[in-house]
Amino acid sequence: MMLATSPLPPVSLSSIGANPRLSNEHILQHLRRRICTLQLAPGLRLSEVKLAQDYYVSRTPIRWVLNRLEMEGLVNTRHGAGSYVTDVNWQKLRSIYHLRIDLYDTVIRLNHYSIIDNDVAWLQRFQSRVESSQWTNQSLSEAIMDLFEFSSTLIDDPHLTQFSNQLYFNTTRFWWLLHSSKDALHIEQQSLETELTQLIKALNLGQIDVYFAIRKSYLMANYRKLKQLYQDNWGFDKSATY
């Protein structure tokens, strides 16, 4: 069984100069978040030299990070041309959403993680933060990522965790579209607050299977919202499942 650990603390780019000794994992997390929150737009070329300067490291760890991001599907390296942020493609992402939904069934069936007091405490602190904060698109997106990364620590199979993470980071840029307006942002915050209340209750009861069943239900609801959004604005095959 994996030990429960909290997600790595977020690192702001402006603070890196004052604390330049970041691990490869911290750089990976930070760069991943810049991609997932669309600070680095699809199709953007990522310069190894510029990134090395931004993070106060040599190009060697940057190459390691870019390789990891390519494995996660967020970066595409073209021979002789460099590394680019991958495009956001609905047809591809729709299939990944289906995999994520199905994967929750596997987690619910096979996961035997034992909930500890620190898990409940982390989620309660996170709930207080969500309820007291004034959110922007970017900050709410990053909060959602914090919750996902915490939830990943509640899976005791490292292979399930790795696969779940890879699928998630390939879909999270689409979630941004759900709160592109102020009204939608407020609705998403309310939805998150309701979900957290249910998740905390499940942890307090020691019901890890219920915890992930709740996460699955909210994922399916968000997927339906995205599907409707794309149907209304760009159109696609209505016969698709889910």
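These notes cover the structure that comes with them. (Residues numbered from 1 in each chain as written. Predicted model: local features only at pLDDT ≥ 70, side-chain atom pairs only at ≥ 80, totals over all residues. Heavy atoms only, no water.)

**Focus on the overall build of the chain**
What counts here: Secondary structure is summarised from DSSP: a helix means a run of H or I of at least four residues, a strand means a run of E of at least two, and numbering begins at the N terminus for each. Categorising residues by exposure relies on relative accessible area from a 1.4 Å probe, with only protein chains included: less than 20% of the type maximum marks a residue as buried, more than 50% marks it as exposed, and the intermediate range marks it as partly exposed. Contacts between residues were defined by any pair of non-hydrogen atoms, one from each residue, lying within 4.5 Å.
Looking only at helices and strands, one finds nine helices and three strands in the chain. Put simply, the chain runs from its N terminus to its C terminus through helices and strands in the order α-β-α-α-β-β-α-α-α-α-α-α. Relative to its full complement of 242 residues, the chain shows a buried share of 47%. Looking at the chain alone, contacts between residues at least 24 apart form 73% of all its contacts between residues at least 6 apart.

**Comments concerning the packing of aromatic side chains**
Defined as follows: Note on aromatic contacts: the rings of Phe and Tyr and the six-membered ring of Trp form a pair at centre separations within 6.5 Å, being stacked when their planes are under 30 degrees apart, edge-to-face when over 60 apart, and tilted otherwise. Consider the ring centre and the ring normal. A charge sits over the ring if Lys NZ or Arg CZ is within 6 Å of that centre and within 35 degrees of that normal.
Across all of its chains, the model carries eight aromatic pairs by this definition. Taken together, the aromatic side chains of Tyr104, Tyr211 and Phe212 make up a single cluster linked through ring pairs. Its guanidinium or amino end placed over the ring of phenylalanine 169, arginine 32 lies 4.1 Å from that ring's centre, counting from NZ or CZ. Across the ring face of tyrosine 84, the terminal group of arginine 78 is positioned such that the distance to the ring centre comes to 3.9 Å.

**Topic: the pairing of strand E2 (residues 75-78)**
Heads up, the condition is: Only when DSSP finds a minimum of two bridges between them are two strands counted as paired.
As paired strands, E2 and strand E3 (residues 82-85) are joined by four bridges and run antiparallel to one another. Paired with arginine 78 across the two strands is glycine 82, which belongs to E3. Adjacent in sequence and paired antiparallel, E2 and E3 are bridged by three residues, among which glycine 80 carries a positive phi angle near 80°.

**Quick look at helix H6 (residues 137-152)**
Our working definition: A helix is expected to span 1.5 Å for every residue after the first.
Given a rise of 1.5 Å per residue, 16 residues ought to cover 22 Å, and the 23 Å separating the end C-alpha atoms of H6 matches this to within 8%. Of all the positions in H6, only Leu140, Ser141, Ala143, Ile144, Met145, Asp146, Leu147, Phe148, Glu149, Phe150, Ser151 and Ser152 are classed as buried.

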